[in-house]
Amino acid sequence: MQPVVLITGVLGGIGQAVCERFAASGWRVFGTDLDATGLAGLQAAGKVVGAHAADIRKPGACREVVAALLASTGRLDALVNCAGVWREGPVETFSEEDFDIVLDVNLKATFFMCSASIPALRESKGAIVNISSDAGRQGNRNAAAYCASKGAVTVMTKALALDLAPDGVRCNSVSPGDVETPMLKFQAERYGNGDMSAYYQELLAKYPQGEAARFIQPGEVADLVFFLCQSSTRSITGADLAIDCGVSAGN
Ligand SMILES: NC(=O)c1ccc[n+]([C@@H]2O[C@H](COP(=O)([O-])OP(=O)(O)OC[C@H]3O[C@@H](n4cnc5c(N)ncnc54)[C@H](O)[C@@H]3O)[C@@H](O)[C@H]2O)c1
């Protein structure tokens, strides 16, 4: 029986790349995201064996996604939490609405997707990979709420790794730097003061590569996620692996 991976945010830049990486190695992919039409398109294209549209900010929705997956595939071998949102701005003017969406999608949904998946992962001795961020390893200016959400995901993942180790379930996070996805474009469009190129240049200026600095490609993140779900990495749990061109390595 081919293994099954559940991917949240499967219609996003990193989610789609993770979907393609697992499918290319014969895994059965079950996807979830907000847009039912987009998911139907993925299924019609044969990229996923099943999908369930949900706003996963509520624990009940997370449980529904896992129930739909088990009804469709009967097993779960890996959970990859890719759903996420970006909001930025000074703390003194940051709205409660923005704070809530960042914490609810990035942290709460990740927590409750893990929670809902644990019984099936225990049976398969499977793996969880949570997409965190370089912003979970160090502070990013103007992004306190996002940093709080990702720092929490990184440490939550370590705590869960300890809880699930006796059951043979591994739990790791992957922390990318700036990845060329719709999220990055959204950031530049919404927060770039009308100059997306200047926004991008400011991000790249943090990179130690100097003039050769470049954004990370979603496929690079997907390769690392896939690697962490292999039995050859059975000694890796509770880790946070940076894939950020050295941005979080120091100044
Ligand atoms: N792109 C980057 O530079 C970057 C860097 C570091 C970490 N990350 C993290 O990687 C993950 C994937 O980001 P991406 O760049 O692919 O972003 P993206 O915007 O391309 O995709 C995010 C996906 O999450 C889905 N989503 C958002 N809210 C949801 C909700 N309430 N319920 C269900 N689905 C929801 C969106 O519909 C979207 O398809 C996120 O957790 C993000 O924080 C991204």
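Since we're looking at a predicted model, the values are computed, not measured. (Residues numbered from 1 in each chain as written. Predicted model: local features only at pLDDT ≥ 70, side-chain atom pairs only at ≥ 80, totals over all residues. Heavy atoms only, no water.)

S.K.: Help me understand the layout of surface pockets in this model?
M.R.: Over the atoms a probe the size of a water molecule is rolled, and this reveals where empty space is left. The calculated volume of the second largest pocket comes to roughly 270 Å³. Taken together, 17 residues line the second largest pocket, and the ones lying closest to its centre are Lys125, Gly126, Arg170, Cys229 and Ser231. Of the residues assigned to the lining of the second largest pocket, the class counts are 7 nonpolar, 6 polar and 4 charged. (1 Å grid on protein atoms, 1.4 Å probe; cavity = no way out; pocket = protein on both sides within 12 Å on 5 of 7 lines; lining within 4 Å. Points joined across faces, edges and corners; volume = space filled by probe spheres on them. Nonpolar A, V, L, I, M, F, W, Y, C, P; charged D, E, K, R; others polar.)

S.K.: Can you walk me through the side chain of Asp178 in this structure?
M.R.: Looking at the secondary structure, you find Asp178 in the loop between β6 (170-176) and α6 (182-191). A distance of 2.8 Å separates polar atoms of two side chains, one belonging to Asp178 and the other to Tyr207. (Helix = DSSP H or I, 4+ residues; strand = E, 2+ residues; numbered from the N terminus. Polar contact = N/O pair within 3.5 Å; in protein donor to acceptor, adjacent residues only side chain to side chain.)

S.K.: How do you make sense of helix α7 (residues 196-204) when you look at a structure like this?
M.R.: Every α-helix carries 3.6 residues per turn, so stepping three or four residues along brings you back to the same face. Along α7, the residues that are buried comprise Tyr199, Leu203 and Leu204. Buried positions in α7, seen along its axis, are confined to an arc of 135° and lie on one side of it. Turning to α7, the residues buried within the fold contact α6. (Buried < 20%, exposed > 50% of the residue type's maximum accessible area, 1.4 Å probe, protein only. Arc of directions from axis to C-beta. Contact = heavy atoms within 4.5 Å.)

S.K.: Would you mind showing me how to read the pattern of salt bridges here?
M.R.: Any two side chains of opposite charge can pair, on the condition that their charged atoms come close. Counted by the stated rule, this structure contains 10 salt bridges. A salt bridge links Asp55 to Arg57; the nearest nitrogen and oxygen atoms lie 2.6 Å apart. Accessibility expressed as a relative area gives 34% for Asp55, which makes it partly exposed. Between Arg87 and Asp98 there is a salt bridge whose closest N-O contact spans 3.4 Å. On the criterion of sequence distance, the pair formed by Arg87 in the loop between β4 (78-81) and α4 (96-124) and Asp98 in helix α4 is long-range, its members being 11 residues apart. Neither residue differs from the other here; Arg87 and Asp98 are each classed as buried. (Salt bridge = Lys/Arg side-chain N within 4 Å of Asp/Glu carboxyl O.)

S.K.: Would you mind going over the packing of α6 against α7 with me for this structure?
M.R.: Packed helices, taken two at a time, are described by their axes: the angle between them and the distance between them. Direction vectors running N to C along α6 and α7 enclose 120°, while the axes themselves pass 8 Å from each other. On the basis of their axis angle, the class for α6 and α7 is oblique. Helix-helix and strand crossings are classified by hand; for α6 and α7 the assignment is right-handed. Every residue of α7 that contacts α6 at Leu184, Lys185, Gln187, Ala188, Glu189 and Tyr191 is listed here: Met196, Tyr199, Tyr200 and Leu203. The residue inventory of the contact of α6 with α7, partitioned by class, reads 7 nonpolar, 1 polar and 2 charged. (Axes fitted to C-alpha atoms, helices over the stretch in contact; angles between N-to-C directions. Parallel < 35°, antiparallel > 145°, perpendicular 65-115°, else oblique. Left-handed = near helix turned anticlockwise from the far one by under 90°.)

S.K.: Mind showing me how you'd approach the pairing of strand β1 (residues 4-8) here?
M.R.: Consecutive side chains of a regular strand alternate in pointing toward one face of the sheet and then the other. For β1, the buried fraction is high: 5 of the 5 residues fall into the buried class. Side-chain alternation along β1 places Val4, Leu6 and Thr8 on one buried face and Val5 and Ile7 on a second face that is also buried. Bridging between β1 and strand β2 (residues 28-33) involves 5 bridges; their strand directions are parallel. Across the sheet, the residue bridging to Val4 is Arg28, located in β2. Where β1 meets β4, 4 bridges bridge the pair, whose relative direction is parallel. Counterpart to Ile7 in the pairing with β4 is Val80. (Pairing = 2+ DSSP bridges.)

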